[in-house]
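Below are the chains, spelled out letter by letter.
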Amino acid sequence: MSGSRQLVGWFAPLVPESRVAIFRTICYLFVILDMHLIVRDPIPLSRHPELYRPLLVERIFSLPPPSAPLTISLYVILIVGALLAAAQRLPRAAGFVVAAAFTWWTAIGMSYGKVDHDHLAFLVALWVLPTVGTIPAGWASGQRSRQAGWALKCIQIAVVFTYFLSGLTKIRSGGWSLTSWPESSILMWAIVRRPHGVGQFLMSYPGLLHLMQWFSFTAELTAVVVLWLRGRALLAAALFWLSFHVFTVAVLYIHFAPTVICWLAFAPLERFGPWVRRVVAGWRQRTGRRPARHPVPVLSDQAVDGSG
């Protein structure tokens, strides 16, 4: 019985609901950012039906091919739904609408070429966050729940499996050989294709690039250990992967922004609300401002009993 309780406690730990409330706001605002900076081309691409190659999810659900009216409608639905969900309004209804619409939006954007795996954890987040339901006090909630813990655990698993599955894909594409990908010249080829930034400097050091391939490949295959780390070890792992993404941007101009956002599922975001309140209180004190609930005395005020 204790084993089953431990299993439930691992998959659905008790966590502050305010952590989910803050994370939801960030995620839904990022949906809007993603639509304009990352997967930003479903509307123009929909005008070229001859290039459309539906993904498996579109074939399974028999989704209609994209058109300008359809993609514009998706755009409007996503903007309205994301703003509602970010404001903690209709968290279930708006959340599931955004999850479905953004999954379709992303599928359309990736049906005209390469399928990026940087959206895996983010899509999982959009589907599980609405299951937490209403959080009455929002960012200031002092409640803990297993619903919140389960949603965050799903996102954490999706984050680490983004790396682990990437490592497995490298093994599969190399004929199920552990050495095929890291022993190749794939990083040199990628830098040649994107001759920018630090990558141009590294081209003169093929031995270093070879070592970097082995290092990243090993890190991806062992990423699942992050799920069992706590405290400073977890912080070190998070900083390592965030540094990894900074490095890929510097070398190849390839970012993993949706995955980076999902690393916040590991963070104690519930500390953010009190920190904001302390910052605001300190700013008010430094500027001589007071909250509206504290009346500011006027020099000519007289005591009620006429004294003074």
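Here's what I pulled together on the structure shown here. (Residues numbered from 1 in each chain as written. Predicted model: local features only at pLDDT ≥ 70, side-chain atom pairs only at ≥ 80, totals over all residues. Heavy atoms only, no water.)

### Digging into the pattern of salt bridges
Part 1 of the reasoning: According to the stated counting rule, one finds three salt bridges in the structure shown.
Part 2 of the reasoning: Note that Lys-114 and Asp-116 form a salt bridge whose closest N and O atoms lie 2.1 Å from each other.
Part 3 of the reasoning: Taking relative accessible area as the criterion, Lys-114 reaches 60% and is therefore assigned exposed.
Part 4 of the reasoning: Asp-116 sits in the partly exposed class, given a relative accessible area of 31%.
Part 5 of the reasoning: Two residues, Lys-170 and Glu-220, come together in a salt bridge whose shortest N-O distance is 3.2 Å. Of this pair, Lys-170 sits in helix α8 (residues 146-173) while Glu-220 sits in helix α11 (residues 206-221); the two residues are 50 residues apart in sequence, bridging distant segments of the chain. Exposure class is identical for Lys-170 and Glu-220. Each is buried. (Salt bridge = Lys/Arg side-chain N within 4 Å of Asp/Glu carboxyl O. Buried < 20%, exposed > 50% of the residue type's maximum accessible area, 1.4 Å probe, protein only. Helix = DSSP H or I, 4+ residues; strand = E, 2+ residues; numbered from the N terminus.)

### Quick look at the packing of aromatic side chains
What describes a pair of aromatic rings is the distance from one ring centre to the other and the angle between the planes of the rings.
Part 1 of the reasoning: Under the counting rule described, the total for this entry stands at 17 aromatic pairs.
Part 2 of the reasoning: With a centroid separation of 6.4 Å and an interplanar angle of 45°, the aromatic rings of Phe-96 and Trp-127 are classed as tilted. Of this pair, Phe-96 sits in helix α6 (residues 91-109) while Trp-127 sits in helix α7 (residues 120-128), and the two are 31 residues apart along the sequence.
Part 3 of the reasoning: For Phe-96, a relative accessible area of 33% corresponds to the partly exposed category.
Part 4 of the reasoning: For Trp-127, a relative accessible area of 38% corresponds to the partly exposed category.
Part 5 of the reasoning: Measuring from centroid to centroid gives 5.5 Å for Phe-161 and Phe-164, while their planes differ by 75°, and the two rings are edge-to-face. (Phe/Tyr/Trp six-rings, centres within 6.5 Å; stacked < 30°, edge-to-face > 60°.)

### Notes on the packing of α6 against α7
Part 1 of the reasoning: Two numbers describe how α6 lies on α7: the axes approach to 8 Å, and their chain directions differ by 155°. On the basis of their axis angle, the class for α6 and α7 is roughly antiparallel. Of the two elements, α6 crosses α7, and the hand of that crossing is left-handed. Every residue of α7 that contacts α6 at Gly-95, Phe-96, Ala-99, Ala-100, Phe-102, Thr-103 and Thr-106 is listed here: Phe-122, Leu-123, Leu-126 and Trp-127.
Part 2 of the reasoning: Residue composition of the contact of α6 with α7, grouped by class: eight nonpolar, three polar and no charged. (Axes fitted to C-alpha atoms, helices over the stretch in contact; angles between N-to-C directions. Parallel < 35°, antiparallel > 145°, perpendicular 65-115°, else oblique. Left-handed = near helix turned anticlockwise from the far one by under 90°. Contact = heavy atoms within 4.5 Å. Nonpolar A, V, L, I, M, F, W, Y, C, P; charged D, E, K, R; others polar.)

### Focus on the layout of surface pockets
Part 1 of the reasoning: For the largest pocket, the calculated volume is near 1,500 Å³.
Part 2 of the reasoning: Lining the largest pocket we find 45 residues, and of these Lys-114, His-117, Leu-252, Ile-254 and Phe-256 sit closest to its centre.
Part 3 of the reasoning: Secondary-structure elements contributing two or more residues to the lining of the largest pocket are α8, α9 (186-193), α11 and α12 (231-252).
Part 4 of the reasoning: Within the lining of the largest pocket, the residues separate by chemical class into 23 nonpolar, twelve polar and ten charged. (1 Å grid on protein atoms, 1.4 Å probe; cavity = no way out; pocket = protein on both sides within 12 Å on 5 of 7 lines; lining within 4 Å. Points joined across faces, edges and corners; volume = space filled by probe spheres on them.)

### Regarding the side chain of Gln-88
Part 1 of the reasoning: Turning to its location among the elements, Gln-88 is positioned in the loop between α5 (68-86) and α6.
Part 2 of the reasoning: A distance of 2.9 Å separates the side chain of Gln-88 from the backbone oxygen of Ala-21, its partner in a polar contact.
Part 3 of the reasoning: Polar contacts involving the side chain of Gln-88 include one to the side chain of Thr-25, which spans 3.0 Å. (Polar contact = N/O pair within 3.5 Å; in protein donor to acceptor, adjacent residues only side chain to side chain.)

### Here's the deal with helix α2 (residues 17-37)
Part 1 of the reasoning: Compared with an ideal rise of 1.5 Å per residue, which puts 21 residues at 30 Å, α2 spans 30 Å between its outermost C-alpha atoms and is within 8% of the ideal.
Part 2 of the reasoning: Most of α2 is tucked away: 16 of the 21 residues are buried. (Expected span 1.5 Å × (residues − 1).)

### Details of the nonpolar core
Part 1 of the reasoning: Counting 65 residues, the largest nonpolar core has Phe-23, Val-31, Phe-102, Phe-122 and Ile-155 as its most contacted members.
Part 2 of the reasoning: Counting only elements with at least two residues in this core, the list comes to α2, α3 (42-45), α5, α6, α7, α8, α12 and α13 (257-262).
Part 3 of the reasoning: For this core, the leading source of residues is α2, giving ten residues.
Part 4 of the reasoning: Residues in contact with Val-31, not counting those within four places in the same chain, are Leu-78, Ala-82, Val-98, Phe-102, Phe-122 and Leu-126. (Core = buried A, V, L, I, M, F, W, Y, C linked by side-chain atoms within 4.5 Å.)

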